Amino acid sequence: MNSIAKVISFVFHPLLMVTYLFTLFALYFPLGLDPLKIETQWTFVIIIFAFTFLLPAVNIGLLKLFGTISSITLQNRKERILPFTFIATLYLVITYLFYSRTGVSMNDNLFKFLLIADALVVVSAITTLFYRVSIHSLAAWGFIGIVVPLNKLSEDGSLFYPSLVAIVLAGFIMSSRLQLHVHTTREVMIGAVLGLATSLIGMVILF
């Protein structure tokens, strides 16, 4: 069971959730990537993967190499503060550069979703200053808080089954963190509430 839990925790790592979100949009909800043209959407997904997963992952690896953190899994709350702050700053900088260099505006769906992703990362970083919350749970339910409300905008119902899958997967992700004994039930539940609340508030304000 632990092996399965480790695989689930890795495959659905919090840093991958933004890539999964925009991949879902490219496949089932192109309107979510507006104003990108269809032919450029997958290039954007690859860029997002590089900057929101690969770059932070390399940074965490370097911190481990130089002894700043004891483990790349960041089990110690205090050791999370520096990498989480870096990741939050990186996400904000990427969003700003995308805004300033590409001409997207606050009225564009893509930019709105980037802002919600930024909010989730910032909430994670701020929460870590005071409490060791499950970021896996926060990211999973943050994903749900974005996708489920979009069903109202999906006229062909293309997001219905992905939404159901996301909810089921969130249960597996939360269970995997408990199975591995890396988080308590309280930490997992608080993460879920924070992620869902942050995304839903973002969706209400921006849409």
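Everything below is about the structure shown above.
Let me sum up the structure you'll find in this document. The shown structure was predicted, so the numbers you read here are calculated from the model rather than taken from an experiment.

**As for unusual backbone geometry**
Argument step 1. Residue Pro35 is bonded to the preceding Asp34 through a cis peptide linkage, with omega at 20°.
Argument step 2. Mapped onto the elements of the fold, Pro35 is located in the loop between helix H2 (17-28) and helix H3 (41-65).
Argument step 3. At Leu74, a position not held by glycine, the phi torsion is positive, near 55°.
Argument step 4. As for its placement among the helices and strands, Leu74 is situated in the loop between H3 and helix H4 (77-102).
Argument step 5. For Leu74, a relative accessible area of 5% puts it in the buried group.
Argument step 6. With a phi close to 60°, His181 is a non-glycine residue in the positive phi region.
Argument step 7. If you trace the backbone, His181 turns up in the loop between helix H7 (160-179) and helix H8 (185-206).

**Section: the nonpolar core**
Note on soluble globular proteins: their nonpolar side chains tend to be buried together.
Argument step 1. Within the largest apolar cluster, 54 residues are counted, with the highest numbers of intra-cluster contacts made by Phe22, Phe25, Phe113, Ile146 and Leu150.
Argument step 2. At the level of elements, H2, H3, H4, helix H5 (109-128), helix H6 (135-147), H7 and H8 are the ones that each hand at least two residues to this core.
Argument step 3. With residues up to four places along the chain from it excluded, the contact list for Leu150 reads Phe25, Phe29, Phe113, Leu159 and Met203.

**Examining the environment of Leu62**
Argument step 1. Examined against the element boundaries, Leu62 turns out to sit in helix H3.
Argument step 2. The exposure class of Leu62 is partly exposed, given its relative accessible area of 40%.
Argument step 3. The sequence separation of Leu62 and Met203 amounts to 141 residues, and the corresponding C-alpha distance is 35 Å.

Conventions used here
Residues numbered from 1 in each chain as written. Predicted model: local features only at pLDDT ≥ 70, side-chain atom pairs only at ≥ 80, totals over all residues. Heavy atoms only, no water. Helix = DSSP H or I, 4+ residues; strand = E, 2+ residues; numbered from the N terminus. Buried < 20%, exposed > 50% of the residue type's maximum accessible area, 1.4 Å probe, protein only. Core = buried A, V, L, I, M, F, W, Y, C linked by side-chain atoms within 4.5 Å. Contact = heavy atoms within 4.5 Å.

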